[in-house]
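Chain by chain, the residues:
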Amino acid sequence: MAEVTMVVNGRKVTKTVEDRTLLVHFLREHLGLTGTHVGCDTSQCGACVVHVDGKAVKSCTMLAAQASGCEVVTIEGLANGDQLHPVQAAFREHHGLQCGYCTPGMIMAAVDMIRRHPEGLDEATVRAELEGNICRCTGYHNIVKAILAASEAMRSGAMAAA
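Residues numbered from 1 in each chain as written. Predicted model: local features only at pLDDT ≥ 70, side-chain atom pairs only at ≥ 80, totals over all residues. Heavy atoms only, no water.

1. Observations regarding the overall build of the chain
For step 1, the next point in the chain: For the chain, the helix and strand inventory stands at five helices and five strands.
For step 2, the next point in the chain: For the chain, the sequential pattern of α-helices and β-strands runs β-β-α-β-β-β-α-α-α-α.
For step 3, the next point in the chain: Per-residue burial for the chain yields a buried fraction of 41% across its 162 residues.
For step 4, the next point in the chain: The contacts in the chain between residues at least 6 apart in sequence include a share of 55% that link residues at least 24 apart.
For step 5, the next point in the chain: Carbon and sulfur atoms form 50% of the exposed surface of the chain, whose accessible area is close to 8300 Å².
For step 6, the next point in the chain: Measuring between centres, the 14 positive side-chain charges of the chain sit 2 Å from its 17 negative side-chain charges. (Helix = DSSP H or I, 4+ residues; strand = E, 2+ residues; numbered from the N terminus. Buried < 20%, exposed > 50% of the residue type's maximum accessible area, 1.4 Å probe, protein only. Contact = heavy atoms within 4.5 Å. Areas by Shrake-Rupley, 256 points an atom, 1.4 Å probe, with all protein chains shown as cover. Lys, Arg positive; Asp, Glu negative; His and termini not counted. Charge placed at Lys NZ, Arg CZ, Asp CG, Glu CD.)

Written out as structure tokens, the structure reads:
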């Protein structure tokens, strides 16, 4: 058994878990944060993407004990109260989902992608960066539109704030 302490969505948590507990199962089963989905358990689909110390990580590939001492943000931690994160708002506005199963992982991957490309994104870059996230429903067109719109909105907002 391992004692795991981390900050999840701004809240410090400490739990004792089996050594083999994956971060995705820790979040879902021990903390009740079910927005992070388990799609494949093999790191192929991206439904489980969360941010660990500011970087997108497939939480089915990381042990909870490896995240001890880290800051973790899940889909539940993106919004600011009732105000959606710009990427969440863009997915809603551009209907970047169908069944919604992949949506949390797509949004978390998109937030990381936009952070790493502050100069802005183009369609080819977005499509290439999404290769680790699978959507079986949409064909990606509206997902890409949503990410491009969020990138532009965040860039414009950052420029206005400067």
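2. Brief notes about the pairing of strand β2 (residues 11-17)
For step 1, the next point in the chain: Bridge count for strand β1 (residues 2-8) against β2 is seven bridges, and the pairing is antiparallel. Residue pairing in the sheet places Met 6 in a bridge with Val 13 of β2.
For step 2, the next point in the chain: Taken together, β1 and the strand that follows it, β2, pair antiparallel across an intervening segment of two residues, in which Asn 9 is found at a positive phi of about 50°. (Pairing = 2+ DSSP bridges.)

3. Examining the sheet that holds strand β5 (residues 71-73)
Whether parallel or antiparallel, the strands of a sheet pair through hydrogen bonds between backbone atoms.
For step 1, the next point in the chain: Read across the open sheet, the five strands follow the order β2-β1-β5-β3-β4; overall the sheet is mixed. Each edge of the open sheet carries a strand with a single partner, namely β2 and β4 (55-58). Neighbour-to-neighbour, the strand axes of the sheet open up by a mean angle of 40°, direction not taken into account.
For step 2, the next point in the chain: Pairing geometry for β1 and β5, over two bridges, is parallel. Bridged to Val 7 within β5 is Glu 71. (Axes fitted to C-alpha atoms, helices over the stretch in contact; angles between N-to-C directions.)

Just geometry here; none of it tells us what the structure is for.
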